[in-house]
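What follows is the residue order along each chain.
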Amino acid sequence: MNDRKYWLGFSLIPEIGPKRLLRLRNWFHDLESAWTASESALYEAGLGQHATRNLLALRARLNLSAEIEKLERIGARFITLDETEYPGLLKQLPDAPIVLYVRGTLLPDDERALAVVGTRRASTYGRDVAHHLSRELAANGVTVVSGLAHGIDAAAHQGALDGGGRTIAVLGCGVDRIYPSDHQTLAARIIQHGALVSEFPLGSAPDARHFPRRNRIISGLAVGVLIVEAPVKSGALITAT
């Protein structure tokens, strides 16, 4: 049975992570049965009151097939935690996203990746270093992962592209929203030579609460994190730790 669209549905319920989802699948034998289960059956399966009520409310108003069509219209798709295309390094996180939204391509070679991150308020020297290092990494077959922000992130993506390699940008918003908005051209190049990825559904606006979650995906996609320039209290240091 094809459960893909139900993975998408369950991913929209904040209280349901990978472990709880797998428990539901084991209890009901497939995710379609879990998605359509009665309130009492969900309680019996061990789903808490708050999550159950959110599930019942969401499924009453959500057309999962229409959500998939929205993705297709913008050239995006989603990959479930259960699929082989899901990045292997990211899958090792205990709180790995149930689904990953993607615009562009993810390749097996992207397992050889390094995150290059740093401050938005980078010095000219810092941007030059990020660009140079990322260009050399990409030229040697290493995928550069960063967050599309101003400063070090943008320089890292640009360097990877200038090195003829691949780069992945992890967003703190939906893949239909480019943030910052002046990175439209850079984002389009990344889609052609890598991917924009996010765990946040279409329409999700950039939000300060999203960025620590985004940072764990940046580090989760890479074998290591290179901080080029960052203050002591910064998202880059969160990414590294």
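Residues numbered from 1 in each chain as written. Predicted model: local features only at pLDDT ≥ 70, side-chain atom pairs only at ≥ 80, totals over all residues. Heavy atoms only, no water.

Draft legend 1. Broad picture of the sheet that holds strand β6 (residues 194-198). Overall, mixed pairing links the 7 strands, which are arranged β1-β2-β6-β5-β4-β3-β7 in an open sheet. Since the sheet does not close on itself, it has two edges, and those belong to β1 (77-80) and β7 (224-227), each with one partner. Sheet twist, expressed as the average angle between the axes of neighbouring strands with direction ignored, equals 30°. Sitting on the sheet, helix α11 (residues 210-220) is in contact with β3 (113-117), β4 (143-146), β5 (167-170) and β7, with an inclination near 160° to β5. (Pairing = 2+ DSSP bridges. Helix = DSSP H or I, 4+ residues; strand = E, 2+ residues; numbered from the N terminus. Axes fitted to C-alpha atoms, helices over the stretch in contact; angles between N-to-C directions. Contact = heavy atoms within 4.5 Å.)

Draft legend 2. How the structure looks around the pattern of salt bridges. The full count for this structure, using the stated rule, is 11 salt bridges. For R135, the salt bridge identified is with E136, shortest N-O distance 3.7 Å. Overall, the relative accessible area of 30% leaves R135 in the partly exposed class. Between E199 and R213 there is a salt bridge, with its nearest N and O atoms 3.2 Å apart. (Salt bridge = Lys/Arg side-chain N within 4 Å of Asp/Glu carboxyl O. Buried < 20%, exposed > 50% of the residue type's maximum accessible area, 1.4 Å probe, protein only.)

Draft legend 3. Spatial organisation of the pairing of β4. With burial as the criterion, each face of β4 is covered, one bearing T143 and V145 and the other bearing V144 and S146. In terms of strand pairing, β3 meets β4 through 3 bridges, oriented parallel. Considered in β4, the bridge of A115 is made with V145. Taken together, β3, helix α8 (residues 124-139) and β4 constitute a β-α-β crossover, and its handedness is right-handed. As judged from the 3 bridges shared by β4 and β5, these two strands associate in the parallel manner. Residue S146 lies in a different strand from β5, and its bridge partner there is A169. (Right-handed = clockwise from strand over helix to strand, strands pointing away.)

Draft legend 4. Inspection of the pairing of β6 at higher detail. Summarising burial for β6: 5 of the 5 residues are buried, a large majority. Of the strand pairs in this sheet, strand β2 (residues 99-104) and β6 are connected by 4 bridges, and their pairing is antiparallel. Bridge pairing in β6 places Y101 opposite S198. The pairing of β5 with β6 spans 4 bridges and is classified as parallel. Bridge pairing in β6 links V170 to V197. Crossover connection from β5 via helix α10 (residues 184-192) to parallel β6: handedness right-handed.

Draft legend 5. Spatial organisation of the layout of surface pockets. There is about 450 Å³ of room inside the largest pocket. Lining the largest pocket are 21 residues; nearest its centre among them are S11, I13, P14, E199 and R213. Its residues assigned to classes, the lining of the largest pocket comprises 12 nonpolar, 4 polar and 5 charged. (1 Å grid on protein atoms, 1.4 Å probe; cavity = no way out; pocket = protein on both sides within 12 Å on 5 of 7 lines; lining within 4 Å. Points joined across faces, edges and corners; volume = space filled by probe spheres on them. Nonpolar A, V, L, I, M, F, W, Y, C, P; charged D, E, K, R; others polar.)

Draft legend 6. Layout of the packing of aromatic side chains. One pass over the structure, following the stated rule, counts 3 aromatic pairs. Each ring, one from Y6 and one from W35, has its centre 6.4 Å from the other, and the planes form 50°; the classification is tilted. Of this pair, Y6 sits in helix α1 (residues 4-11) while W35 is found in helix α3 (residues 31-35), placing the two residues 29 residues apart along the sequence. Assessed through its relative accessible area of 6%, W35 is described here as buried. (Phe/Tyr/Trp six-rings, centres within 6.5 Å; stacked < 30°, edge-to-face > 60°.)

Draft legend 7. Fine view of empty space enclosed by the protein. One pass over the full model with this rule turns up 1 cavity of 30 Å³ or more. By volume, the largest cavity amounts to about 40 Å³. Lining the largest cavity, in full, are R120, G147, A149, V170, L171, G172, C173, Y179, F211 and R214.

Draft legend 8. Layout of unusual backbone geometry. Cis geometry is found at the peptide bond from Y179 to P180, where omega equals 0°. As for its placement among the helices and strands, P180 is situated in the loop between β5 and α10. Despite not being glycine, H29 shows a phi value in the positive range, around 80°. Residue position: H29 is located in the loop between α2 (18-28) and α3.

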